[in-house]
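Coordinates in review
Each chain, written out:
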Amino acid sequence: MTSAPSSNNREQRRFGRTGYVALLGRPNTGKSTLLNTVLGQRLAAVSSKPQTTRKRLLGIHTEDDAQIIFLDAPGVHVGKLELHKAMEKAIARVLEDADIVVAMLDPTREPGSEDELTAELAVSCGKPVILAINKIDTASAEDIARSLAFYRQHLPDAPVLEIVALERARVEPLLQQVKTMLPEGPFLYGDDDITNTSERDIAAELIREVLLEELRQEVPHSVVVAIDSWKEKGNRLRIDATLYIERENHKAIIIGRRGQMIARIRESAERRLQAFTGMPVTLCMFVKVAPDWRQKKRLLQEFKLLE
Ligand SMILES: Nc1nc2c(ncn2[C@@H]2O[C@H](COP(=O)(O)OP(=O)(O)O)[C@@H](O)[C@H]2O)c(=O)[nH]1
Ligand SMILES: [Mg+2]
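Cut-offs applied
- Residues numbered from 1 in each chain as written.
- Chains lettered and ligands numbered in written order.
- Predicted model: local features only at pLDDT ≥ 70, side-chain atom pairs only at ≥ 80, totals over all residues.
- Near = placed C-beta within 6 Å.
- Nonpolar A, V, L, I, M, F, W, Y, C, P; charged D, E, K, R; others polar.
- Domains from an automatic or database assignment.
- Contact = placed C-beta atoms within 7 Å.
- Helix = DSSP H or I, 4+ residues; strand = E, 2+ residues; numbered from the N terminus.
- Buried ≥ 20, exposed ≤ 12 C-beta atoms within 10 Å, placed from the backbone.
- Pairing = 2+ DSSP bridges.
- Core = buried A, V, L, I, M, F, W, Y, C linked by C-beta atoms within 7 Å.
- Axes fitted to C-alpha atoms, helices over the stretch in contact; angles between N-to-C directions.
- Parallel < 35°, antiparallel > 145°, perpendicular 65-115°, else oblique.
- Left-handed = near helix turned anticlockwise from the far one by under 90°.
- Right-handed = clockwise from strand over helix to strand, strands pointing away.

**As for the site of ligand 1**
Not every one of the 21 residues close to ligand 1 is listed here, only the nearest: G30, K31, S32, T33 and A165. Per-class residue counts for the shell around ligand 1 are five nonpolar, 13 polar and three charged.

**Re the domain arrangement of the protein**
According to the domain assignment, the protein consists of domain 1 (15–186) and domain 2 (199–302). Taking only C-alpha atoms into account, the centre of domain 1 sits 27 Å from that of domain 2. If you look at the interface, domain 1 gives 13 residues, while domain 2 gives 14 residues. Tallied by class, residues from the side of domain 1 that touches domain 2 come to seven nonpolar, three polar and three charged.

**Details of unusual backbone geometry**
The residue Q51 is not glycine, and still its phi comes out positive at about 60°. Locating Q51 in the fold gives a position in the loop between α1 (31–39) and β2 (57–62). Backbone geometry places D292, a non-glycine residue, at a positive phi of 50°. We classify D292 as partly exposed; it has 13 C-beta atoms within 10 Å.

**Focus on the pairing of strand β1 (residues 15–24)**
Among the 10 residues of β1, seven are classified as buried, and the element is accordingly described as predominantly covered. Pairing analysis gives three bridges linking β1 to strand β7 (residues 184–186), with the strands arranged antiparallel. Bridge pairing in β7 places R17 opposite E184. The pairing of β1 with strand β3 (residues 66–72) spans seven bridges and is parallel. Bridge pairing in β3 links T18 to Q67.

**Some words on the environment of A275**
Summarising the element assignment, A275 is placed in helix α8 (residues 260–277). Sequence separation of A275 and R42 is 233 residues, and the distance between their C-alpha atoms is 8.9 Å.

**Describing the nonpolar core**
By size, the foremost hydrophobic cluster in this structure holds 79 residues, and its most contacted members are V21, A22, L23, L24, V102, A103 and A132. Apart from the residues within four sequence positions on either side, A22 is in contact with L71, A73, V94, L95, A98, V101 and V102.

**Considering the packing of helix α6 (residues 199–214) against α8**
Two elements in contact, α6 and α8, have axes whose closest approach is 9 Å; the angle formed by their N-to-C orientations is 140°. If you check the angle between α6 and α8, you find them oblique. Where α6 crosses over α8, the two elements pack in a sense that is right-handed. Between α6, through I202, A203, L206, I207, V210, L211 and E214, and α8, the contact on the second element is made entirely by M261, R264, I265, S268, A269, R272, L273 and F276.

**Here we look at the sheet that holds strand β10 (residues 281–289)**
Across the sheet, which stays open at both edges, the three strands sit in the order β8-β9-β10 with mixed pairing between neighbours. Two strands lie at the open edges of the sheet, namely β8 (224–233) and β10, each paired on one side alone. Across the sheet, the mean angle from the axis of one strand to that of its neighbour is 15°, orientation sign disregarded. Note that β8 and strand β9 (residues 236–245) share nine bridges and pair antiparallel. Each residue of the ladder has a partner; that of E232, found in β9, is L237. Relative to β8, α6 is tilted by about 120°, and along the sheet it contacts β8 and β9. Where α8 meets the sheet, it contacts β9 and β10, and its direction lies at approximately 130° from that of β10.

**Some words on the packing of helix α3 (residues 113–124) against helix α4 (residues 141–154)**
One can describe the packing of α3 onto α4 by two numbers: an axis separation of 9 Å at closest approach and a directional angle of 40°. On the basis of the axis angle, α3 is oblique to α4. The hand of the α3/α4 crossing is right-handed. Within the contact between the two elements, α3 uses D115, A119, E120 and V123 and α4 uses F150, Y151 and H154. Looking at the contact of α3 with α4 residue by residue, the class counts come to four nonpolar, one polar and two charged.

**What to know about the pairing of strand β4 (residues 100–105)**
Most of β4 sits inside the fold, with five of its six residues counted as buried. Sheet topology places β1 next to β4; four bridges connect them, and they run parallel. Counted as the bridge partner of L23 is V102 from β4. With five bridges connecting them, β4 and strand β5 (residues 129–133) associate as parallel partners. Bridge assignment links V101 to a residue of β5, and that residue is V129. For the crossover from β4 across α3 to β5, the handedness is right-handed.

Take a look at the structure:
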């Protein structure tokens, strides 16, 4: 006798188009923006400065018939520091894990060596590639044609989508394209999951996003944020964070005259942390020197920037 099918399907894993989608492209093309827009939440740090994203971030988008798992990677960039090498490794891992690759193009800037490398990585990983031309809200038709022609030399057959990563409606065609190219399988995550990254790690990224906005030139790039403690008291959240800097002389810059800079950073970060956690936040920051941390593998591992 065969057993009757269960009437309660709720416990069963859902099934549909699903897989990992790597976001690949040089710094500043809008990869993290795309992730945030699709998830409808500010998860990834976004800024107008290159090398905002330092490590892989996973974002899960679930629909009735599909679960798309985005892997946001650091921008494709060749640098001399150990940190840059760690970022290259993070990109390689993302490409390894991906079922398909979305190569993001920023037509508002002339294609250069980082685009060359992006295209080469996309080709050599052997995965199906989609070309997503972003920022078409500001790019001219000539800009778009120039960027596309450049990438077409390497990826003549890849489907092309024009998008605006800042607007949900204008990324929809990309999601549809991704869905058609993903394999079928059981969903790996629950319907409400949006990431596997811890709240603390996201909080650290949100603080770093503020540093990138407020501080100039090299200074924000040489800071790493560590969350030391996270405590709920009543309906308030108290977060202690240490900002590790490379050199003593950056301390004065971050703290600012009469502490004005660090106060501004704190206010802005507290607002973002409150929006993210849904609770009022008190943020206490400490600034410490970790000499040349970007050159030291041990420190990169400690800061979870290198596996
Ligand atoms: N005009 C315009 N700007 C965008 C768009 N997408 C991203 N940006 C901006 O491009 C900059 C870099 O974005 P980000 O997501 O950090 O790029 P990433 O380095 O590729 O992750 C930010 O200032 C974004 O606001 C878009 O569709 N249109
Ligand atoms: Mg990014």
